[in-house]
Structures are given as structure tokens and as C-alpha cells.
Amino acid sequence: MVEPGPRTLPPLGPNRKLKLPKQAERTLANGLTVIAVRRPAVPLVELRLWVPFGRAHLARGVMLAQTLLSGTPAMTSVQIAAELQKVGGGLAAGVDPDRLMLSGTSLVTGLDRMLEILAAVLTSASYPKDEVATERDRLVDRIQVAQSQPAHRAREALLKRVYGRHPYALQTPEPEQVRAVRPAALRSLHGERVHPAGAVLVLVGDVQPERALDAAEKALGDWTGGGREVDLPPAPPLEPGPLLLVDRPGSVQSSLRVALPAVPRTHPDHAALQLANLIFGGYFSSRWVENIREDKGYTYGPHSLVEHSVAGSVLVAAAEVATEVTGPALLETTYELGRLASVPPKKEELEQARQYALGTLQLGMSTQAGLAALTSAYAGNGLRLDFLAEHGARLAKATVTDVAEAAARYLAPARAVTVVLGDAERIAPSLAALTAVDTASVSAATES
């Protein structure tokens, strides 16, 4: 019996034209911008509210998001949850260096009620003492668990190394800072920062856009705030220097992090850089994955991506590798960056990366939740869905020369900031053979 050989994959089909959904936009008298997008896949509506938050006191800002839904003068947290469940929905809050984000979902028939509850929370969140105490303890527990994880510590060290004194450098408060937060401080911070000026509300689902705008204006038109917008300073440029080795004695793995310069979504180089990153390490068929995972088995899941924030963008590559191959893994990472920065990619590589980029763009818009997240992220940076068509066209037109030039401009190893967290006694000699090394303890590399 003849063993069947590998089957030839069929050729990829033509790229589908990006079709933008029906949408409408309105800016209310209080400064809130509302964007409604029709996506009639299922009878649900997705809600995303982006409130510019700047960098408040870190612990207070995180605790505010944690307790924003803990009650109002008219409803307890349990009653808020129960009312949302009646309309098949829920709300959640989170915060990052740029924004306070509220996200939720409900049946289309429950949109009015969800917006009413959202308005009550925005205008009269009460931060009850007992609820704050409970959520404070939970947050402390989560932070302590996170701080025991090497990946979290490596991320903290990288942010500190990249951003220095910029607010982006610190994104997780220390437990003792959280323990000091009291309800009065949260009420004060709410009054200062949770206001509609510059905020963007996105509604995506089986809705008529104008009807959704009317519902949002009815519920949120009276939301006011006497606070002020706080602008973040621009992110500092990357400053290459010695590799930062963060000592974690006894670690059986090393956390490798590399930061490289990047550009915002509106920059002419953005599409070409996105494709260059895909070829390097941005998806499973990338060179970096093929090298240190498939060929050498140094790691399970290396990955790289461009992180966009309001004050700046940066490309971050991350991998967890066994202690004994830390030096070789760094060598291969530098090799792949240098190879892409100095030798143009093959046409076939570029086409594969292009198809992936365009395909994921389509997939990101295929669900209500994905479309809501995309619309909100773009709106928070002053963009609208129309930009997707422009970006798709740039991805489709980028040439080998464009990608090679972007790789040379942004991915050259000489421009990298590198952090390795691991057992310094075991890995320092191999790293020092490749580059200059500065060593610090975990606490010194991540302290506020």
C-alpha cells in the first residue's frame, strides 16, 4: 500500500473588499461623543465607553475602576447586577494609563435600561465603605498573585526601562498603596476625572443607529462633570543601552523582553511596519517562531506585537525560555531582527503576512464584540471606522521595498531595549558574551 503524501494546499482566494457597516455619530451638548454601528448578527448590543483618565494616583485609579459599580444612593451592587441581568446584560469597568473603560452587553430590547444604569453609575456612584473594603482586599490578593509571576515582573521591568518617569512606566500599584485607599478619595477622584468632555460611547449591535443615538442622549444628556481633562506627555523615545538583567534566583526559566520603536496607526509607515512585525514574530508562521520554537525548541510561544497608546507606540517581543538556553535564545532573536533589518523579505513571505493581516482585519469586524472593541479603540485615538479602509489599502499596496525599509528603520537590533528576568548567576555569563549587561534585583528594576 502506497503511503499518501502531503496534500498541496489550494491557493489563497482574492482579498474581500472591506465593507463598512452602517453607522451614525452625534456629539452631545455635554461633550460626550456617541457612535452607533449597526451589526444585526444577533439581537444584542455591545457598549463601550471610553473616558479620558490620564494618570491619576495609580492605586486610586485602579480602585475606582474596581468599585465604580459597587453602588449608588438608589441601588446596591447586587441590585445593579440584578437589573442588568433582567435585560440579559452586564457591565464591567477597567482602567489603563489612557482611559477609564466601561464595557457591557444587553439584549437590544434592554438598551434603554442598560443606559439608564450606566448614567446612574456615572453621575452618582457612591463607593460604599463595605464594598470598597471588600474589593480592596480582592485587588490586593490579585496584585500579590501577579507579582509572584515572572512574566508580570518582566513586564514591569520593561515598562520601567522603556518609559522611565513617564506615567506609562507604572501600571500596577503596590499592595500597600491599595490598602491606603479610602472611599472619600474615590469620590473625589470620580468628581475630578469621570466627566463627559472628550468621552466616547460606542454602541454596536442589532440597532438602528439614529435610534441608538437618541437613547444615549436621553440617558446621558444630563451627565455633567466639573473636572478637567488631563493630557499625558508624549512617550519618551527609546534609549538603547546595556541589557537589563533582573535577578530572580533559582528561576528555571528566563523571561526575555525586547522593545523596539514603533509608530502610531496614522503614520505612513504603520502598514509596512505591521507587515514587518508579522514576518519577524507577529504570528505563528513568523521567522522568530520558526527559529526558536519549531527548529530549536527553546520556547513554546514567542510573540511580538505593536502596542498603541495615546501618548506613543512601541513594538514588544516576548518569550519565556529555559534557563540553560537564555543566551542562545537572545542570540537567535538578535539574528532574526538583524536579518530582517538588513535583507529584504521574500515576496512569498510578504504575501503570506499580507493575507494574514487583511484576514484578521476582516475577522476583527465579524462579531459585535470585536467591532465594538475596534471602533472604541480607534475613536479613543481620534479615528473612525473609515480609517480601516485606508489601512487595508495600505496593507494591500505595501511592497517588499516598503517593508524592508520599515524593518531597517524600526527593527534593527541596535535600536532595541532588552530586559531579561532570570537566575543571574546561571545566565549572566552567556548574556555578557553577547552584549553589555546591567544587573538589578527584581525590586530595584520595578520599584516606583
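Nothing here was measured: the structure is a model prediction, and the numbers come from that model. (Residues numbered from 1 in each chain as written. Predicted model: local features only at pLDDT ≥ 70, side-chain atom pairs only at ≥ 80, totals over all residues. Heavy atoms only, no water.)

Got a minute to help me understand the environment of Asp231 in this structure?
Structurally, Asp231 can be placed in the loop between helix H8 (209-220) and strand E7 (243-247). For Asp231, a relative accessible area of 69% translates into the label exposed. Sequence-wise, Asp231 and Phe53 are 178 residues apart; in three dimensions their C-alpha atoms are separated by 8.6 Å. (Helix = DSSP H or I, 4+ residues; strand = E, 2+ residues; numbered from the N terminus. Buried < 20%, exposed > 50% of the residue type's maximum accessible area, 1.4 Å probe, protein only.)

Before we go on, may I ask you to explain the environment of Ile80 in this structure?
Looking at the secondary structure, you find Ile80 in helix H2 (residues 77-86). In contact with Ile80, not counting residues within four places along its chain, are Leu69, Gly71, Thr72, Met75, Ile117 and Val121. (Contact = heavy atoms within 4.5 Å.)

Please explain the sheet that holds strand E10 (residues 312-322) as it appears in this structure.
What holds strands together in a sheet is hydrogen bonding between their backbones, with the strands either parallel or antiparallel. Read from one edge to the other, the open sheet built from 6 strands follows the order E9-E10-E8-E11-E7-E12, with strand pairing classed as mixed. At either end of the open sheet lies a strand with only one pairing partner, and these are strand E9 (303-309) and strand E12 (437-441). Taken pair by pair, the neighbouring strands of this sheet meet at an average axis angle of 20°, ignoring direction. Relative to strand E11 (residues 417-422), E7 is paired through 4 bridges, and the arrangement is parallel. The residue bridging Val246 from the neighbouring strand is Leu421, located in E11. Lying on the sheet, helix H5 (residues 150-163) is in contact with E7, strand E8 (253-261), E9, E10 and E11; it crosses E11 at an angle near 150°. Packing against the sheet, helix H9 (residues 270-282) makes contact with E8, E9 and E10, and its axis sits at approximately 150° to E9. (Pairing = 2+ DSSP bridges. Axes fitted to C-alpha atoms, helices over the stretch in contact; angles between N-to-C directions.)

Where do I start with the side chain of Glu83 in this structure?
Secondary-structure assignment places Glu83 in helix H2. In terms of polar contacts, Glu83 uses its side chain to reach the side chain of Lys86, at 2.8 Å. At 3.0 Å, the side chain of Glu83 forms a polar contact with the side chain of Arg113. Residues in contact with Glu83, not counting those within four places in the same chain, are Met75, Arg113 and Ile117. (Polar contact = N/O pair within 3.5 Å; in protein donor to acceptor, adjacent residues only side chain to side chain.)

Help me out: how do you make sense of the pairing of E10 in this one?
Looking down a regular strand, the side chains alternate between one sheet face and the other. Of all the 11 residues making up E10, 9 are buried; the element is thus mostly covered by neighbouring parts of the structure. As consecutive antiparallel partners, E9 and E10 are separated by 2 residues.

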